[in-house]
Amino acid sequence: MSALLEVEDLRVRFRTIGSLRARIRGVEDPFIDAVCGVSFSIREGETLGLVGESGSGKSTIARALIGLNPVADGSIRFDGREIAGLGERQYGALRREMSMMWQDPVGSLSPRLTVRSLVTEPFRIHGVKGRDLDEEASRLLTMVGLGPDFASRFPHQLSGGQARRVGVARALALDPKLVIADEPTAGLDVSVQAEVLNLLGDLQRRLGVAILVITHNLNVVRHITDRMAIMYLGRFVEQGPTEDVFFHPRHPYTEALLSANPEPDPDAAKERIEISGEVPSLLDRPKGCEFHTRCLYAQDDCRRVAPGVTRESETHRYTCHHPLSE
Ligand SMILES: Nc1ncnc2c1ncn2[C@@H]1O[C@H](COP(=O)(O)OP(=O)(O)O)[C@@H](O)[C@H]1O
Ligand code: SF4
Ligand SMILES: [Mg+2]
């Protein structure tokens, strides 16, 4: 399988204050690096999970991929073509191939549109002519397990899980090659979360679409991803095949995330390792290893020297001076 998406050294910076105010206040570098030098790839039909606490830069990556955030540096190749820095017009066409499922796919849309209009809106946005929209709506609603009767409903008549299904239908309407799902289960009850994830997993297998799933909960992605990447302060601290990362985490942050979200399984009475301390500010990144202020295993060298990338295998990598043992 060839790489559908290849991201190399992606950097996204945001200005913190205007240039005039920065000059007045003597601020030399009025920027934060929300994403600093992230590399990953997604093959056709593959599912990658992107995990990290709130503020780690996950949505910033997603928005950069679809051209909504400026790319300060690095490259984004999609389907063999460089897309970083393309203009809005070219991106418009690309969003057919690379579609986004937002956190609250229905709540952010007009409450006066019917479900039929919501799921067929991508056809109108992209000027796709010659399709029977009633048929398309039925097809899409059946595909996500709601059925054609839902077409005449309004958003306020949908449960949380049904609304997410409508979001999935919209994201898949134009048969994209990649779906980016940003926190697809946020705010849902645990049982409904599983339903939505199973649906995404099912459709991924049936349609062969690649999916980038973003979440702050590691366990959310365990069953539906092939590989996963763990993010901290805008960098990947570990990435690898999902099973490896779950069963043989090497980075202390991965271990802490895993134990902070234990699976609802009474037999898995794992010791709980809390992630103590506050997430540092991007304006004042810790020296050395940026996780040292919260790491249970930090030693002197961690406070001085930033760890480089260690390749545990062809696919499993991490950045830590004192990785957890097998
Ligand atoms: N448009 C923006 N302007 C300035 N700062 C931003 C912008 N978007 C995101 N950020 C900052 O970038 C960091 C990463 O945010 P985000 O990608 O939303 O994190 P996550 O999705 O992992 O919770 C945060 O500190 C956030 O405040
Ligand atoms: S390099 Fe040191 S501080 Fe950083 S994660 Fe590894 S052990 Fe912890
Ligand atoms: Mg986010």
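Residues numbered from 1 in each chain as written. Chains lettered and ligands numbered in written order. Predicted model: local features only at pLDDT ≥ 70, side-chain atom pairs only at ≥ 80, totals over all residues. Heavy atoms only, no water.

S.K.: It is not clear to me how the pairing of strand β8 (residues 210–215) should be interpreted in this structure. Could you clarify?
M.R.: For a regular strand, side chains alternate in direction, first toward one face of the sheet and then toward the other. Across the six residues of β8, six count as buried, placing the element largely inside the fold. Burial along β8 is two-sided: the residues Ala210, Leu212 and Ile214 and Ile211, Val213 and Thr215 are all buried. By the bridge criterion, five bridges tie strand β3 (residues 47–51) to β8 in an arrangement that is parallel. When the bridges of β8 are listed, threonine 47 appears paired with isoleucine 211. Relative to β8, strand β7 (residues 178–182) runs parallel, the two sharing five bridges. Bridge pairing links isoleucine 180 to leucine 212 in β8. (Buried < 20%, exposed > 50% of the residue type's maximum accessible area, 1.4 Å probe, protein only. Helix = DSSP H or I, 4+ residues; strand = E, 2+ residues; numbered from the N terminus. Pairing = 2+ DSSP bridges.)

S.K.: What should I look at first to understand the site of ligand 1 in this one?
M.R.: Ligand 1 sits among Phe14, Ala34, Glu53, Ser54, Gly55, Ser56, Gly57, Lys58, Ser59, Thr60 and Leu282. When ligand 1 sits alone it has 560 Å² of accessible area, and the protein chains cover 59% of it. Partitioning the shell around ligand 1 into residue classes produces three nonpolar, six polar and two charged. (Near = heavy atom within 4 Å. Areas by Shrake-Rupley, 256 points an atom, 1.4 Å probe, with all protein chains shown as cover. Nonpolar A, V, L, I, M, F, W, Y, C, P; charged D, E, K, R; others polar.)

S.K.: Help me understand the packing of helix α4 (residues 115–125) against helix α5 (residues 133–143) in this model?
M.R.: In a pair of packed helices, the angle between the axes and the distance between the axes together describe the arrangement. It is at 9 Å that the axes of α4 and α5 come closest, and there the two elements cross at 110°. Classified by the angle their axes make, α4 and α5 are roughly perpendicular. Contact with α4, carried on its side by Val115, Arg116, Val119, Thr120, Phe123 and Arg124, involves Leu133, Asp134, Glu136, Ala137, Arg139, Leu140 and Leu141 of α5 and no other residues of that element. In the contact of α4 with α5, the residues fall into seven nonpolar, one polar and five charged. (Axes fitted to C-alpha atoms, helices over the stretch in contact; angles between N-to-C directions. Parallel < 35°, antiparallel > 145°, perpendicular 65-115°, else oblique. Contact = heavy atoms within 4.5 Å.)

S.K.: Looking at this structure, how should I read unusual backbone geometry?
M.R.: Even without being a glycine, aspartate 175 presents a positive backbone phi close to 60°. Owing to a relative accessible area of 61%, aspartate 175 belongs among the exposed residues under this scheme.

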